[in-house]
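Single-letter residue listing:
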Amino acid sequence: VFGAGVATNQNLALILETTGHSSASSLGVALFALTSAISRVAVGILSEKYDAYFTRFHWMTASSFLAMMGQFLVCLMDLTGIMAGTCLMGLSFGSFYTVQVPLMNEMYGNLEFGKMMGAQVSCQAPAALIIVCHLLPVVYRNAAGSRDLCEGAGCFQTSFLVLTVLNAVGLAAAVALQVRNSDSLPLTRLNEAKSSKGLSS
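Just so it is clear, the model here is predicted, and its values are computed rather than measured.

Cut-off values and rules
Residues numbered from 1 in each chain as written. Predicted model: local features only at pLDDT ≥ 70, side-chain atom pairs only at ≥ 80, totals over all residues. Heavy atoms only, no water. Disulfide = S-S within 2.5 Å. Buried < 20%, exposed > 50% of the residue type's maximum accessible area, 1.4 Å probe, protein only. Helix = DSSP H or I, 4+ residues; strand = E, 2+ residues; numbered from the N terminus. Contact = heavy atoms within 4.5 Å. Core = buried A, V, L, I, M, F, W, Y, C linked by side-chain atoms within 4.5 Å. Phe/Tyr/Trp six-rings, centres within 6.5 Å; stacked < 30°, edge-to-face > 60°. Lys NZ or Arg CZ within 6 Å of the ring centre and 35° of its normal. Polar contact = N/O pair within 3.5 Å; in protein donor to acceptor, adjacent residues only side chain to side chain.

So, about the state of the cysteines. Going through the model one piece at a time under the given rule, you end up with 1 disulfide. Between the sulfur atoms of cysteine 150 and its disulfide partner cysteine 155 the distance amounts to 2.0 Å. Because the sign of the S-S torsion sets the handedness, a value of about -95 degrees for the bond joining cysteine 150 and cysteine 155 places this disulfide among the left-handed ones. Cysteine 155 shares its class with cysteine 150; the two are buried. Looking at the unpaired cysteine 87, the closest cysteine sulfur is the one in cysteine 75, lying at 16 Å. Relative accessible area serves as the criterion here: at 22%, cysteine 87 is assigned to the partly exposed category.

Encoded structure:
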């Protein structure tokens, strides 16, 4: 979610330029920032108010789904698809950012929270680095061939198809996490295991 979202936002001007809509780059960046900000506030409020019906695991799954669909829409490589995809990625980016910290706390409490949270956050940097510095440039250069400037859908389309697949894997992981923790949280299971072990001894 983070790596692909950052990569898209940072390369939005070039993406729009290759499709002949360079003048819309400022609008795209503004849309990403606006939807990200709105989703942070909205999800923060709604996840607290309706937690009994729609847990933070559901929000995590919804965020992953929005990220996948956002990348897919950008694959269409027309102005409507790019802008719609940018909006969805902004919503995903903001909601994921809002949900991840309280969800991690609910799952593990204070048990190794710093290490787990640090590991989760640190994974975002290499993901963004690989996407921005390797995937996008390689596809762009191959599509450009001998030209200095690439034009057309092929400049970024393959990259965003790959990112769609990667986000689909993330969605599958989010669904698995939601199902695994539907009845109890890891901290609860750990405490129960400790209690059972204490009783047996």
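With respect to the helices, strands and loops of the structure, phenylalanine 2 is situated in helix α1 (residues 2-10). For phenylalanine 2, a relative accessible area of 8% translates into the label buried. Residue contacts for phenylalanine 2: discarding those within four places in its chain leaves Phe93, Phe96, Tyr97, Gln100 and Gln124.

This next bit is on the nonpolar core. Counting residues in each nonpolar core, the largest one holds 35 residues, and the members touching the most others are Met77, Ile82, Phe156 and Phe160. Those elements giving two or more residues to this core turn out to be α1, α2 (12-18), α3 (25-49), α4 (56-75), α5 (79-108), α7 (124-144) and α8 (157-180). No other element matches the 8 residues that α5 contributes to this core. In this structure methionine 77 touches Ile15, Thr19, Ile82, Ala153, Phe156, Gln157 and Phe160, once residues within four positions along its chain are discounted.

This paragraph deals with the packing of aromatic side chains. This structure, assessed with the given rule, holds 3 aromatic pairs. On the numbers, 4.9 Å between centres and 80 degrees between planes, the contact of phenylalanine 54 with tryptophan 59 is edge-to-face. On the basis of relative accessible area, phenylalanine 54 is assigned to the partly exposed category, the value being 33%. Ring centres 5.5 Å apart and planes at 50 degrees place the aromatic pair tyrosine 140 and phenylalanine 156 in the tilted group. Within this pair, whereas tyrosine 140 is found in helix α7, its partner phenylalanine 156 is found in the loop between α7 and α8, the two being separated by 16 residues in sequence. Note on accessibility: tyrosine 140 and phenylalanine 156 belong to one class, buried. Between arginine 40 and the ring centre of tyrosine 97, over which it is positioned, the NZ or CZ distance is 4.4 Å.

Another point: the side chain of threonine 164. Tracing the chain through its elements places threonine 164 in helix α8. Note on threonine 164: relative accessible area 13%, which makes it buried. In this structure the side chain of threonine 164 is engaged in a polar contact, spanning 2.7 Å, whose partner is the backbone oxygen of phenylalanine 160. Contact partners of threonine 164, with chain neighbours within four places excluded, come to Met68, Gln71, Phe72 and Cys75.

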